[in-house]
Amino acid sequence: MNPSLLSAPPSSNPRPLLSFQPFRFSPNYHPRRRRYRVSFPRNSLATDDQSPTSTSSPETTTTSPDIFGGPKDLTGIQPLVEKLTPPARLATSAVILAGAIAAGYGLGLRFGNNRNAALGGAAVLGAAGGAAVYAVNAAVPEVAAVSLHNYVAGCDGPEAIKREDIENIAQKYGVSKQDEAFNMELCDIYCRFVSSVLPSGGEDLRGDEVETIISFKNALGIDDPDAASMHMEIGRRIFRQRLETGDRDGDLEQRRAFQKLIYVSTLVFGDASTFLLPWKRVFKVTDSQVEIAIRDNAKQLYASKLSSVGRDVDEELLVSLREAQLKYKLSDELAKDLMMEHKRKLVEKNISVALNILKSRARTVGGVKQAVEELDKILAFNDLLISLSKHPDADHFARGVGPVSLVGGEYDSDRKMDDLKLLYRAYVTDSLSGGRMESHKFAALNQLRNILGLGNKEAEAIKLDVTSKVYQKRLSEAFQSGDLEMADSKAAFLQNLCEELHFDPQKASEIHEEIYRKKLQQCVADGELDDKDVSALLKVRVMLCIPQQIVDAAHSDICGSLFEKAVKEAIGAGVDGYDADIREAVRKAAHGLRLTREAAMSIASKAVRKIFVNYVKRSRSAENRTESAKELKKMIAFNTLVVTPLVADIKGESSDTPSEEPVKEEEKQFVDDEWESLQTLRKIKPDKDLIAKIGKPGQTEITLKDDLSERDRMDLYKTYLLFCMTGQVTRITFGAEIRTKKDDSEYLLLNQLGAILGLTTTETVEVHRSLAEQAFRKQAEVILADGQLTKARVEQLNDLQKNVGLPGPYAQKIIKSITTTKMAAAIETAIGQGRLNIKQIRELKESGVDIDNMITESLRENLFKKTVDEIFSSGTGDFDEEEVYDKIPADLKINAQKARGVVHDLARNRLSNSLIQAVALLRQRKYQGVVSSLNDLLACDKAVPAEPLSWEVPEEGCDASVLLDDDDSTGFTGEKSAGPNANSVRGFEVIDSIKTQLETICPGVVSCADILAVAARDSVAALGGKSWTVQLGRRDSTNASFSNANTDLPSPLMNLDELTSAFSNKGFTAKEMVALSGAHTTGQARCLLFRNRVYNETNIDSTFAKSIQSNCPSSDGGDNLSYLDASSPVIFDNAYYKNLVNKKGLLHSDQQLFNGGSTDSQVTTYSNNPITFYSDFADAMVKMGNLSPLTGTSGQIRTNCRKVN
């Protein structure tokens, strides 16, 4: 059967459930499983030209009396048999048989004249009599079946059939349900009835079908297996008709009919339906399809039941709904959903009515009341449901009883939100129509908000809007009536008003502020405030309890905006337009609006500083220093000619009166010390004649101190200072320049510029000195390029100091800084590259070099660690405790206790590594190396004595542990999911393929560890690299270390020291580390591992970085892959090292190998000589392959590389 048979939508054109044609009964019969050919009556909902005369109402299922067909006639001997009772039939049978035997015996004796002939005649006629007797008895079940049929057909309706009457018919003829003909008639009658009860595919179930069928089944007395077989036969008939249907609509109807058959049949037979109704086996129907058929029909019946439920819900109705739900076999979840939907639709009707009233163009005054009445109905209905949900017997009620919600309905959309807000606003407005908010109305508003699905912010906004208007109205009435003015406590009056309206006092204060602002705007409409205005404003403030800070803010805002307008007009007049009329307007605005001097200056400062900032922007964008200085000169002139009189007008002073800021005593002392030592500083302190020549000074109260950073202000000052020092530069043809010398008047403007920029005297001195220092340092660095200070150079530096006008102490400080920095850089570079050891450090200290201050503590600690590491790897076995523990830490000025811990850690790590390295070299037959490694072992043992080293080979190293998969069932976690390996190590399926083929040829011989070692060698050779000899005989580990994989594998983020230490811990030298890193000439890495390098690091080729950034965004694409060696990604060559030399290493750890460190020379060698790289790489791979291998009986030979045996 097509799996979609039970899931198609209903057709719009209903058809008869079945096309009914009578069938003949099959003569075959089996007591356990019966297949009947039955006659199907026409459905009661068939079309007019096909349907019988009976009808059905939507409430009760009725069937036509003629669904069972007309009466049947008896034929042959059936009329005779029908008249015989069982005893009479038995006696008649005996008479016929005895008479036949007697007649045969007499005839045989008569014609044969002997006994044998008589016996033969008796036998012949006895057989004929027996046949007659058999015919009579054989006709009994058929006669009983006809009698049964005529009885059923003759009843007024199926409900008139009684089981006692059927039992009497069976008793009359001495038959039972074991007689095939009689039982088949029972099944045929039952099948006809069921077919007539079930509605057609296009019609819905009415709900009483199950009870009707069960009642009829019980009246017939038919067994459940026989009845179930009839249900299955109806299903076969539907299926056949579906196959015969030629149009899509008919096919859909048959599917619906089949769904209803399954649902009704399941309810008729209850729990027994699982084995009595084999839908899945017969029709290939899945369990889910059966569940869907039951679910959909149960939903339809329950929804039909709910359709008659209105708002007058009570306990009895809810109990009946619950019983109906259980009867229909509908889940609680679906029943709840249907109930929620039904409640929602009821409420949506009220909402629609209310909206139509509110949106009607012909809406009357009472329209809002009518809309509110509809909303009250919703609230009453919601209250009823909530109370019922809290009823003690709520468990026996229909599911879904509770608050109403519009979720999932017509009004659950953004486009309907405005309608719901309109309803809520109408209810709020009505609640406040009496001028106060009653408590029950306030609670109802909260319920309505929940029902309408409005958010807290949305509902509060509506309530605030409506309540604000009512509050203002009440406040206006209180003003006009004088109630507020006569109140003993204005605050208590206003608080009581807020409580009556359930209005937030904070929002009320905002309204008070708004009222005050409006009053203030009215008062200042003419541009100033008189005493009458001030008195009116004071009255408003007192009555509304407005705090002073709110009043000040309002005056600052409103009056300030008027004053700001006057200031902007004054500023806009410019240098040439600032005349007496404008000055008078400024004075009137400043004093007529009754602004405080601080507020007026703040407003003016803001406007002026914007102009200053514009000058600064133009200065910064100028093409050269001269043009930049011109813009700054314009700003100085603007300050002198416009801003200075503006400030005087605001303060009510004469603009001729200079304003000087007091200089702090300590700052004055500093100026006195520095002023005469700097030539340029002396020039910005002009004499009286120059001041008279230039004119009056500018104001210093409005500055750019808060608008620009200290560095920006000092840079601007420095720009103008350089202009003062160099003069105006004019470029002419052929690259020549003409410099116009300036007099000292420019320095007076520089002094004014410093005041505009808000520079303190200390900052001004700092600029002058830093400029001198900069000039001195620039030339001193050239003189002291190698860091050596000779007598001739000292004389040069003294002359330079005098030329730039820098005080001696500052010059000496710069000289010392240059020499120290260059020497320290040289020493640090030498230490980093391994060219400086402890012996040379001692020699430098003896010569007076301050090594302790030149070298950072971390670098000294690294040097100590490197020195100790060299002792442990020298191959001599020597270890001088006094030298290592006392002298070297003292020379390097590091903590002795910390140094001892470093020595012990290195020794412990070296102990096992030296032993492992000795064994590895022994396997390679490098005996001199074995001796050196054992000497290193002895040196480490001297550092940490009394710690015996046992040869316990751990299951880690070259043991194929990385191939083991995680096993959730045992809790085993392998190394594949470790951080360095996850989403990085690939190609496991290649190893699996090799292992499978090897196990087929020679099972249990070749280990996975050997496969990995050989595969690594062959992969390199296949890509163009050098091959090497791989020693075999490794065995596989039975465990793996997730933690070791996370901690021991080198990270792509490591620095050179960390890389060297990580490889050293495994017994590899720095040279071997560099060689093994050459494996990065092939392969790829994830963006996550190199994103920081290509975006933030500086030791990278910019073009290369941009090309990588295209595939590695700064904030996404962490798993995007890029080649480690983009120049030859599938060739094993030395291009990796060439990339490092050109700063094109992809990983941070790669470029660390060539970054001014000790491995630079090795990288350079490999970049120039690929043969050397191939040879060293092969040797290092051999050593790695011999790293702690499992041999002998250790470990195992895995049959599957992914799991232990």
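Predicted, not measured: the structure shown is a model, and the values here were computed from it.

**Focus: the packing of aromatic side chains**
Two measures describe an aromatic ring pair: the distance that separates the ring centres and the angle between the ring planes.
Here is step 1 of the chain: Enumeration over the complete set of coordinates arrives at 23 aromatic pairs.
Here is step 2 of the chain: These aromatic residues form a ring-pair network of at least three members: Trp 1028, Phe 1132, Tyr 1136, Tyr 1137, Tyr 1166, Phe 1173, Tyr 1174 and Phe 1177.
Here is step 3 of the chain: The ring of Tyr 885 carries the charged tip of Arg 900 above its face, separated from the ring centre by 4.0 Å.
Here is step 4 of the chain: Above the ring of Phe 988, the side-chain terminus of Lys 976 is found at 4.0 Å from the ring centroid.

**Concerning the pattern of salt bridges**
Here is step 1 of the chain: Scanning the model with the defined rule gives 56 salt bridges in all.
Here is step 2 of the chain: Across the pair Lys 369 and Asp 430 runs a salt bridge, and its minimum N-O distance is 2.8 Å. Within this pair, whereas Lys 369 is found in helix H14 (residues 367-389), its partner Asp 430 is found in helix H15 (residues 417-431), the two being separated by 61 residues in sequence.
Here is step 3 of the chain: Taking relative accessible area as the criterion, Lys 369 reaches 45% and is therefore assigned partly exposed.
Here is step 4 of the chain: Residue class for Asp 430 comes out buried when judged on its relative accessible area of 11%.
Here is step 5 of the chain: Here Lys 898 ties to Glu 861 by a salt bridge, and the two come within 2.8 Å at their closest N and O atoms. Taken together, the residues Lys 898 in helix H39 (residues 896-923) and Glu 861 in helix H37 (residues 857-872) connect sequence positions 37 residues apart.
Here is step 6 of the chain: Owing to a relative accessible area of 23%, Glu 861 belongs among the partly exposed residues under this scheme.
Here is step 7 of the chain: One connected set of salt bridges, linked through shared partners, spans Arg 436, Glu 438, Arg 474 and Glu 500.

**Brief notes about a nonpolar patch on the surface**
Here is step 1 of the chain: Residues Leu 1023, Val 1130 and Ile 1131 make up a contiguous nonpolar surface patch of roughly 240 Å² in combined accessible area.
Here is step 2 of the chain: Examined against the element boundaries, Leu 1023 turns out to sit in the loop between helix H42 (1008-1022) and helix H43 (1042-1048).
Here is step 3 of the chain: The exposure class assigned to Leu 1023 is partly exposed, which follows from its relative accessible area of 30%.

**Let's talk about the state of the cysteines**
Here is step 1 of the chain: Summed over the entire model, instances satisfying the criterion amount to two disulfides.
Here is step 2 of the chain: Put simply, Cys 1087 and Cys 1112 are joined by a disulfide, and their sulfur atoms are 1.9 Å apart. Looking down the S-S bond of the Cys 1087 and Cys 1112 bridge, the torsion is 65 degrees, so its handedness is right-handed. Here the residue Cys 1087 occupies a position in helix H46 (residues 1087-1096), and Cys 1112 occupies one in the loop between helix H47 (1102-1109) and strand E4 (1121-1123), the gap between them amounting to 25 residues. Of the two residues, Cys 1087 and Cys 1112, both sit in the buried class.
Here is step 3 of the chain: With no disulfide of its own, Cys 187 lies closest to Cys 191 among cysteine sulfurs, the gap being 8.6 Å.

**Some words on the UniProt feature "transmembrane region" (unreviewed entry) in the protein chain**
Here is step 1 of the chain: The sites that carry the UniProt feature "transmembrane region" (unreviewed entry) are, in the present numbering, residues 90-109 and 116-136.
Here is step 2 of the chain: Secondary structure within residues 90-109 divides into 100% helix and 0% strand; the distance between the first and last C-alpha atoms comes to 28 Å.

Each value, and the rule that gives it
- Residues numbered from 1 in each chain as written.
- Predicted model: local features only at pLDDT ≥ 70, side-chain atom pairs only at ≥ 80, totals over all residues.
- Heavy atoms only, no water.
- Phe/Tyr/Trp six-rings, centres within 6.5 Å; stacked < 30°, edge-to-face > 60°.
- Lys NZ or Arg CZ within 6 Å of the ring centre and 35° of its normal.
- Salt bridge = Lys/Arg side-chain N within 4 Å of Asp/Glu carboxyl O.
- Helix = DSSP H or I, 4+ residues; strand = E, 2+ residues; numbered from the N terminus.
- Buried < 20%, exposed > 50% of the residue type's maximum accessible area, 1.4 Å probe, protein only.
- Patch = residues over 30% accessible without salt bridge, like charges linked within 9 Å, V, L, I, M, F, W, Y side chains within 5 Å.
- Areas by Shrake-Rupley, 256 points an atom, 1.4 Å probe, with all protein chains shown as cover.
- Disulfide = S-S within 2.5 Å.
- UniProt positions renumbered as here; feature names shortened; annotations may be inferred.

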